[in-house]
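# An overview of the molecular structure
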Amino acid sequence: QVQVVESAGGLVQPGGSLRLSCAASGFTLRFYAMSWYRQAPGKERELVATITSAGSTTYADSVKGRFTISRDNAKNTVYLQMNRLQPDDTAVYYCTRSNGPFWGQGTQVTVSS
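If you're wondering where the values come from, they're calculated on a predicted model, not measured in any experiment.

Calculation notes
Every chain's residues receive numbers from 1 upward, in the order its sequence appears when written. Since the coordinates come from a predicted model, pLDDT governs what is reported: local features require at least 70, and pairs of side-chain atoms require 80 or more to be given and counted, while whole-chain, interface and lining totals use all residues. Side-chain metrics rest on all non-hydrogen atoms present in the structure, leaving aside hydrogens and water. Starting at the N terminus, helices and strands are each numbered in turn, a helix being any DSSP run of H or I of at least four residues and a strand any DSSP run of E of at least two. For this measure, only C-alpha atoms enter the radius of gyration; the expected value for a globule follows 2.2 Å times N^0.38, where N is the number of residues. For every residue, the accessible area (1.4 Å probe, protein chains only) is compared with the maximum for its type, and the residue is labelled buried under 20%, exposed over 50%, or partly exposed between those bounds. What makes two residues a contact is simply this: any of their non-hydrogen atoms within 4.5 Å. To be clear on the numbers: accessible area is Shrake-Rupley with a 1.4 Å probe, and residue cover counts the displayed protein chains and nothing else. We treat Lys and Arg as the positive residues and Asp and Glu as the negative residues; His and chain ends play no part in the count. Every charge is mapped onto a representative atom, which is NZ of Lys, CZ of Arg, CG of Asp or CD of Glu. Pairing of aromatic side chains requires ring centres within 6.5 Å, counting the rings of Phe and Tyr and the six-membered ring of Trp. Pairs whose planes differ by under 30 degrees are stacked, by over 60 edge-to-face, and all others tilted. We define a salt bridge as a contact between a side-chain nitrogen of Lys or Arg and a carboxyl oxygen of Asp or Glu at a distance within 4 Å.

## Observations regarding the overall build of the protein
In terms of regular secondary structure, the protein is built from zero helices and 10 strands. The C-alpha atoms of the protein give a radius of gyration of 13 Å, which matches the 13 Å a tight globule of 113 residues would have. If one aligns the C-alpha atoms of the protein with their principal axes, the spans along those axes are about 40 × 25 × 25 Å. Burial analysis of the protein (113 residues in total) assigns 40% to the buried set. Across the protein, the fraction of contacts at a sequence separation of at least 24, relative to all contacts at a separation of at least 6, is 52%. Of the accessible surface of the protein, which amounts to about 6,100 Å², a share of 46% is contributed by carbon and sulfur atoms. Distance between charge centres in the protein, computed from 11 positive and 7 negative side chains, equals 7 Å.

Below you can see the structure in the form of structure tokens.
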């Protein structure tokens, strides 16, 4: 079964950091471009970051310079390092294959003072 499990979200203060993990199963991660999306209450799901199978990365303007997407193919895991978090980053974060995405449960990130 193709599946991803997002984890390591939580509650942080503005300016804090979190590192999200996305553990893949049912497929070999290194063959696919992977993306992180997020969805805040009452808003559309938005693309946050993408990493290709070759390692190239792209970011939404709102997170550029603060977030870093990476992959560990040996662990079949994708990460999202989030620094200098702001309240507008509050959302459920989802990890998925970039082409023909599928949606799991996501992990909640709340940034609040």
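What follows continues from the structure just given.
## A short note on the packing of aromatic side chains
The final tally for this structure, using the stated rule, is four aromatic pairs. Measuring from centroid to centroid gives 6.4 Å for phenylalanine 27 and phenylalanine 102, while their planes differ by 85 degrees, and the two rings are edge-to-face. A residue pair is termed long-range when its members are at least 10 positions apart, and phenylalanine 27 in the loop between β3 (18–25) and β4 (34–39) and phenylalanine 102 in the loop between β9 (91–97) and β10 (107–111) qualify at 75 residues. Ring centres of tyrosine 37 and tryptophan 103 lie 5.0 Å apart, and the angle between their planes is 90 degrees; on these two criteria the pair is classed as edge-to-face.

## Focus: the pattern of salt bridges
Counted under the stated rule, the structure contains four salt bridges. Across the salt bridge formed by aspartate 61 and lysine 64, the nearest N and O atoms sit 3.3 Å from each other. The class for lysine 64 is exposed, based on a relative accessible area of 51%. Note that arginine 66 and aspartate 89 form a salt bridge whose closest N and O atoms lie 2.8 Å from each other. Remark: aspartate 89 occurs in the loop between β8 (77–82) and β9 and arginine 66 occurs in the loop between β6 (57–59) and β7 (67–72); sequence separation between them is 23 residues. Like arginine 66, the residue aspartate 89 is buried in the burial classification. One network of salt bridges, with partners in common, ties together Arg38, Glu46, Arg66 and Asp89.

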